[in-house]
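As a plain string of letters, each chain reads:
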Amino acid sequence: MSLKLNENAEIYVFDGVSEDEAFARTTCMGVSAHQDDIELMCWAGILDCFGKKDKWFSAVVVTDGAGSPRTGLYSDYTDEEMMAVRRLEQKKAAFVGEYGSLAMLNYSSREVKTPENEAVCEDLKNLILSARPEVIFTHNLADKHDTHVAVAVKLINAIRRLPKADRPKKLYGGEVWRSLDWVNDSEKTVFDVTAHQNMAASLVSLFDSQVAGGKRYDLATQGRRTANATYFESHGTDNAESLMYAIDMTPLIEDDSLDIAEFINKYIDSFKNDVNDRIKKMI
């Protein structure tokens, strides 16, 4: 395969086609910091491709998962043992979700959070060139996890290194370590993910080292999406059972001059203005 990645990277293809063919069929890609982030924030993309012959979801996991919390069965696992478990869990999810391909880059969180580290950007750029996805899901820039924000920034910088013709048409930032219910409704990108909720629950539950290891991501993720659907509209009945929110970050890969921090600050300022205006109307 002509794709060049760092020596620790691993590619997995669930149905046995060649890596080149697997990447070439990609229409949607998810780029996450950790194993299981894909299933938390990219479900809309996975769902859109699931069972389709002309749409394929490909996953990219940037870090090795060494720093994950652990209790119970996993409490005595070393970082190396936990990394192996998490890689296997991610492969299970790729198999069950029928991902077109899975690339695990296996960088440390420290490497990803180092602004000067060019290798991560280069790997992401090469993956995007090989897969040519029309849509990419990643972390939103208001996420409170440093590694998540670092991956989003690295991804944006990687895409900016590509010619405009080779860039995805859409870039979405989804919910993990901060929900997006604070974003004004008119500025949210809303995905109806009511279908195949059994599959959504199954994918998150496959990460037993996290769920049984001390974090009920399975319940929290289902609860968040259900809450999004119920609380989206205050004066009408629910039109969906499960909604996923995202921020449309496409302008950042269309205009390289846009400041990344200022881009997300506009959403924060818009929320602040909406709150202030609502209060002032009542005084």
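So, a few notes on the structure that sits alongside this text. Source: prediction; values computed, not measured.

**Observations regarding the overall build of the protein**
- Secondary structure summary: the protein contains 12 helices and 8 strands in total.
- If one aligns the C-alpha atoms of the protein with their principal axes, the spans along those axes are about 65 × 45 × 40 Å.
- Out of the 283 residues belonging to the protein, those deemed buried represent 50%.
- Put simply, 76% of the contacts in the protein that link residues at least 6 apart link residues at least 24 apart.
- With the model as given, the accessible surface of the protein reaches about 13300 Å², and the carbon-plus-sulfur share is 50%.
- Between the mean site of the 33 positive side-chain charges and the mean site of the 46 negative ones, the protein shows a separation of 3 Å.

**Quick word on the environment of Ala150**
- Along the chain, Ala150 falls in helix 7 (residues 146-160).
- With a relative accessible area of 14%, Ala150 lands in the buried category.
- Measuring from C-alpha to C-alpha, the distance between Ala150 and Asn228 comes to 26 Å, with 78 residues separating the pair along the chain.
- Those residues in contact with Ala150, other than ones at most four positions away along the chain, are Val112 and Lys113.

**Here's the deal with the sheet that holds strand 8 (residues 243-248)**
- The 8 strands are arranged 1-4-3-2-5-6-8-7 in an open sheet whose pairing can be described as mixed. Each edge of the sheet is formed by a strand with only one pairing partner; in this case those strands are strand 1 (10-12) and strand 7 (189-192). With strand direction ignored, the average angle separating the axes of adjacent strands in the sheet is 25°.
- For strand 2 (residues 28-32) and strand 5 (residues 135-139), the ladder comprises 3 bridges, and the chain directions are parallel. Looking at strand 5, one finds that Met29 is bridged to Ile136.
- On the sheet, helix 6 (residues 118-131) packs against strand 2, strand 3 (57-63), strand 4 (101-107) and strand 5 and is oriented at approximately 170° with respect to strand 4.
- Along the sheet face, helix 7 touches strand 2, strand 3, strand 5 and strand 6 (170-174) and points at about 150° away from the line of strand 5.

Conventions adopted
- Residues numbered from 1 in each chain as written.
- Predicted model: local features only at pLDDT ≥ 70, side-chain atom pairs only at ≥ 80, totals over all residues.
- Heavy atoms only, no water.
- Helix = DSSP H or I, 4+ residues; strand = E, 2+ residues; numbered from the N terminus.
- Buried < 20%, exposed > 50% of the residue type's maximum accessible area, 1.4 Å probe, protein only.
- Contact = heavy atoms within 4.5 Å.
- Areas by Shrake-Rupley, 256 points an atom, 1.4 Å probe, with all protein chains shown as cover.
- Lys, Arg positive; Asp, Glu negative; His and termini not counted.
- Charge placed at Lys NZ, Arg CZ, Asp CG, Glu CD.
- Pairing = 2+ DSSP bridges.
- Axes fitted to C-alpha atoms, helices over the stretch in contact; angles between N-to-C directions.

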